[in-house]
Each structure stands twice: as C-alpha cells, then as structure tokens.
Amino acid sequence: MGIFDKFKKIFNENNDDTNKKKKETLTSKKNVLNKKDKNKSESEKPKNFNKEGNTEIEKVEKSSNANLELKTDKVENSENKPLIDSNSNKNSHKENEPTTNDKKKKLDSGIKKTKDSFFSKLARQVAGKKVIDELVLDDIEEVLISSDIGVETSLKIIEKLEDRVQKDKYINSSELNNFLKDEISLLMLDNNDQKINLNSTPHVIMVVGVNGVGKTTTIGKLAHLFKKEGKKVLLGAADTFRAAAVDQLVIWSERVGVDIVKQSMGSDPASVCFDTLQSAKANNYDVVIIDTAGRLHNKINLMNELTKIKNVMSKVVPDAPHNVMLVLDASTGQNAIEQANQFTKATKVDSITLTKLDGTAKGGVIIGISDQFKIPVNYIGVGEGIYDLQEFNKLEFIDSLFKNANKIN
C-alpha cells in the first residue's frame, strides 16, 4: 500500500467517525425536540372525555332499557287487569269500589245542578209572598215545566197544590217544599220498585236508544255491576252500522273482563244476536247484554229491525229478550220524554236507564218519565267512572233532591 493510499484510508475513517458523531448528535437533538413537541401537543390538546362519556352513555342506556322494560311489564300487566282505564299505558290505575256513603255523595253531586236550578227558581217565585194565590201557582207551574218535569206531570202536581191551598189557605216555602216532596214521591211510588229479575238463564238484555245517549258506556258499566255480583256475562256487539261501535264495546269488555261476540262491520245484527245467544247457551252464561244500532225513533225501517232481532233471539232462547232497556240522555230534557214516547210505541220497553245526570240541570226529566210511562227507571248515570252507574232508588233520589232545599235561594 502506498503512502497516498494510507492517507486516504485514515481520512475516510476520520470522516466516518465525524459523520457518525454528527448523526448521533442530530438524532439526539431530534429525539429531544420530538419529546418537547409531544409534551407540548399533549398539554395543548383538550382532554378526551370519550371514555368517561361512553361510560355515562352506557349507564343511561342501561337505565333507559331498564325503564323501558319496566314500562313494558306495566303495559302487559295492565292489559290483564280488567279495571284499568283504556289509556292505562299512560296513567294506569285501579278504581276503588265506593262505599255506601261514597255513593250517596256521588248522587248528591250528580243531581246538584238540577237541584240548584229547580229550588232557586222556586224560591224566587215564592219569596216575600204571604199567600199562594193563582198567580203564584202559575209561576210554580212554570218552574216545574222549565225544570223538564214535563207538562203532564207538572199539571198533576199543580192540581194537587191547588187543592192544598184551598184547604189550608196559606203555605210557606218550607211547607211548599214538603208538599212537593210528598207529591213527587207518590207519582214515582209504584213503578220504580221493580228491579231486573235474573231468574232466566241466560237472562238476555237488549239495549236500545238513539246515538249519543251513552248505550255502549252503559253496557260496559252494567256488565261490571253484574260481574261484581258473581254473574258470568257475555256481550253481543250487534251495532254493526256505526263506525267504531264494535271497537268501543271490545274496549269495555277488556276493561271489565267479560267475553264478547262480534262480527265484521256491516254484518247482519240479527246474525250477531243469534251467535251470541248460541254461545251463551253452550257456555252457561248468566247474563247476555246485546248492543244495538243507535236509531232515531222516527226511522221506521230501523225500528222494524228491532222486531226482527227479537224474533231471532226467541228462536234460540225462549222469551228473549227478557228485558228491553231504553237508554235516555237526561241532558236532552224534554227530547228524552219524546224519545221514550216514540220507542214505547214501536216496541215493548221494560226498563229505562237515564244517563248524564251529573252534567245537566234537566234531571227533573226523571220524574216526568217515571210518571208518564210507568216504566221502571232501573239505573242512573251520575259520573264517568265505572262505578258511577247506580241502581236507581226512588227514595234516595228524592231525599237527595230535597235535602237542604230551604237553604237554596
């Protein structure tokens, strides 16, 4: 090896050492810088809450799922409870059975509007009067008629009052109220002690009336009353003309917990009745309640259909229907009397149910209906609750109507 080659080798080795040191120095500096940049970026970077957030979301989801499961359980359970309202998934609750005292209070509140209207009018007519003369009698007659007691019944009461005035010459407001109470009791005495007799098995009740009077609601509450008495009840959805009529009765059957026979919309009502009674006989039902299409009392074809339905029923169960129940809306006043008049001409009516007494001041119509048609008023509706269809007790009604009447002015 020559001298030149030795110098070249030494130079290259030195150069490599120098480059190696520079490279190591640069690498070291780069690592330091990277470390600083990393620390800086981590300090400037906002904290990552994803992990914590995900944990909270999981908790909420678990909680929501648990709540949904609970709600689902409540809905499923509520469907099996007959006394839950139809909107039970929202505010499900079970109605408590009222005591005798509760029923009296409900009756009092149910006829309060009628009571206040009648006796306030009466008090104004006799206020300051020392004697009841013909003018006062005319005013009292007007009060009776305007309270929807009815013209015929009002005239009977006035005639009795005239006789009393001629005899005693003087009657004050307290005596007048006592007189009215006695006379109304006599007018309603004989025909309201007849209750529905369930001797026949199955006992078939056919419910009639115009649309809007509360037939379907009455059927549901009536089914509940019979079930509470331990009776096995079957409903027949023979109102196949009105939209949603069958659905409404199905809801009531589920709410009360009784069975129902139904067919499709537009089916022959007589066919529904036939199937219902066949099922009732085969399965030993105690009571059958048939819903019929709401019909105007002046529609002859619809009224004639009642005869067809009754004939079909009697082929399955002799003497059925055993009770034709006419449902009337008390809030219609004199129109309810007219409906009763027309229905009794078209078909035999065995009992009357008067609904919506709690929402009207025209409850006096029950006195006129009771007097004029001599048909038992078996039930009255004094509220919207399932227990608010009460058996009509004439004495309790009159006592409630006249209780504290002298204090009303």
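See above for the structure.
Note that the structure is predicted; figures quoted are calculated from it, not measured.

Caption draft 1: Up close: the overall build of the protein chain. Each helix and strand in the protein chain was counted, giving 15 helices and eight strands. About 23,000 Å² of surface is accessible on the protein chain, with carbon and sulfur atoms providing 49% of the total.

Caption draft 2: Seen up close, the packing of aromatic side chains. Within the structure shown, the criterion is met by three aromatic pairs. Aromatic side chains Phe118 and Phe119 sit 4.8 Å apart centroid to centroid with 80° between the ring planes, which places their arrangement in the edge-to-face category. Exposure class is identical for Phe118 and Phe119. Each is buried. Ring pairing ties together the aromatic residues Phe118, Phe119 and Phe402, which thus form one cluster. When the ring centre of Tyr285 is taken as origin, the NZ or CZ atom of Lys232, which lies over that ring, is 4.5 Å away.

Caption draft 3: Geometry of the packing of helix 5 (residues 112-126) against helix 8 (residues 173-187). Viewed as axis vectors pointing N to C, helix 5 and helix 8 meet at an angle of 135°, and their least axial separation amounts to 11 Å. Classified by the angle between their axes, helix 5 and helix 8 sit oblique to one another. When the axes of helix 5 and helix 8 are compared, the crossing they make is right-handed. Across the interface between the two elements, Phe118, Phe119, Leu122 and Val126 of helix 5 pack against Ser173, Leu176, Asn177 and Leu180 of helix 8.

Caption draft 4: A negative patch on the surface, seen in detail. On the surface, Asp133, Glu134, Asp138, Glu142, Glu159, Glu162 and Asp163 cluster together into a patch of negative charge. Relative to the helices and strands, Glu142 resides in helix 6 (residues 134-146).

Caption draft 5: Local environment of the pairing of strand 2 (residues 233-237). Within strand 2, five of the five residues are buried, which leaves the element mostly enclosed by the surrounding structure. Where burial is concerned, the two faces of strand 2 agree: the one with Val233, Leu235 and Ala237 and the one with Leu234 and Gly236 are both buried. Bridge analysis of strand 2 against strand 4 (residues 287-291) gives five bridges, and the strand direction is parallel. Along strand 4, the bridge assignment pairs Ala237 with Asp291. Relative to strand 3 (residues 259-261), strand 2 runs parallel, the two being bridged by three bridges.

Caption draft 6: Molecular detail of the sheet that holds strand 8 (residues 389-391). The eight strands are arranged 3-2-4-1-5-6-7-8 in an open sheet whose pairing can be described as mixed. Sheet topology places strand 3 and strand 8 at the edges, where each strand pairs with a single neighbour. The average undirected angle you get between the axes of adjacent strands in this sheet is 25°. Sitting on the sheet, helix 14 (residues 365-373) is in contact with strand 5 (323-329), strand 6 (351-355) and strand 7 (377-381), with an inclination near 170° to strand 6.

Caption draft 7: The arrangement of the pattern of salt bridges in detail. Using the criterion set out here, one finds eleven salt bridges in the structure. Note that Glu97 is salt-bridged to Lys228, the shortest N-O span being 3.2 Å. On the criterion of sequence distance, the pair formed by Glu97 in the loop between helix 3 (88-91) and helix 4 (100-110) and Lys228 in helix 9 (residues 215-228) is long-range, its members being 131 residues apart. The closest approach of N and O atoms between Lys112 and Asp116, which form a salt bridge, is 2.7 Å. Taken together, the residues span about one helical turn, with Lys112 and Asp116 both in helix 5 at a distance of four residues.

Caption draft 8: Local environment of unusual backbone geometry. The omega torsion of the bond from Thr201 to Pro202 falls at -5°, within 30 degrees of zero and hence cis. You can see Pro202 is positioned in the loop between helix 8 and strand 1 (203-208). With a phi angle near 70°, Asp319 is a residue other than glycine that sits in the positive phi range. In this fold, Asp319 is placed in the loop between helix 12 (300-316) and strand 5.

Caption draft 9: View of a nonpolar patch on the surface. A cluster of nonpolar side chains, contributed by Ile145, Val151 and Leu155, occupies part of the molecular surface with about 210 Å² of accessible area. With respect to the helices, strands and loops of the structure, Ile145 is situated in helix 6.

Caption draft 10: Quick peek at the environment of Asn197. On the secondary structure map, Asn197 appears in the loop between helix 8 and strand 1. Once the C-alpha coordinates of Asn197 and Asn323 are considered, the two residues, 126 residues apart in sequence, prove to be 9.0 Å apart.

Caption draft 11: How the structure looks around the nonpolar core. Ranked by size, the top nonpolar core spans 100 residues in total, and within it Ile140 and Ile289 carry the most contacts. When residues of this core are assigned to their parent elements, the largest contribution, six residues, is made by helix 12. Beyond its immediate chain neighbours, meaning those up to four positions away, Ile140 contacts Leu122, Val126, Ile132, Ile158, Leu161 and Leu176.

Caption draft 12: Fine view of the side chain of Thr276. With respect to the secondary-structure elements, Thr276 resides in helix 11 (residues 269-282). The exposure class of Thr276 is buried, given its relative accessible area of 0%. Ignoring sequence-local partners within four residues, the contact set of Thr276 consists of Leu234, Leu235, Gly236, Val261, Val288 and Ile290.

Caption draft 13: Spotlight on helix 9. The terminal C-alpha atoms of helix 9 lie 20 Å apart, and with 14 residues this matches the ideal 20 Å at 1.5 Å per residue to within 8%. Burial runs high along helix 9: ten of the 14 residues are buried. Those residues of helix 9 not exposed but buried are Lys215, Thr216, Thr218, Ile219, Gly220, Lys221, Leu222, Ala223, His224 and Phe226. Looking one or two places after helix 9, you find Gly230, whose phi comes out positive at around 90°.

Definitions and limits used
Residues numbered from 1 in each chain as written. Predicted model: local features only at pLDDT ≥ 70, side-chain atom pairs only at ≥ 80, totals over all residues. Heavy atoms only, no water. Helix = DSSP H or I, 4+ residues; strand = E, 2+ residues; numbered from the N terminus. Areas by Shrake-Rupley, 256 points an atom, 1.4 Å probe, with all protein chains shown as cover. Phe/Tyr/Trp six-rings, centres within 6.5 Å; stacked < 30°, edge-to-face > 60°. Buried < 20%, exposed > 50% of the residue type's maximum accessible area, 1.4 Å probe, protein only. Lys NZ or Arg CZ within 6 Å of the ring centre and 35° of its normal. Axes fitted to C-alpha atoms, helices over the stretch in contact; angles between N-to-C directions. Parallel < 35°, antiparallel > 145°, perpendicular 65-115°, else oblique. Left-handed = near helix turned anticlockwise from the far one by under 90°. Contact = heavy atoms within 4.5 Å. Patch = residues over 30% accessible without salt bridge, like charges linked within 9 Å, V, L, I, M, F, W, Y side chains within 5 Å. Salt bridge = Lys/Arg side-chain N within 4 Å of Asp/Glu carboxyl O. Lys, Arg positive; Asp, Glu negative; His and termini not counted. Charge placed at Lys NZ, Arg CZ, Asp CG, Glu CD. Pairing = 2+ DSSP bridges. Core = buried A, V, L, I, M, F, W, Y, C linked by side-chain atoms within 4.5 Å. Expected span 1.5 Å × (residues − 1).

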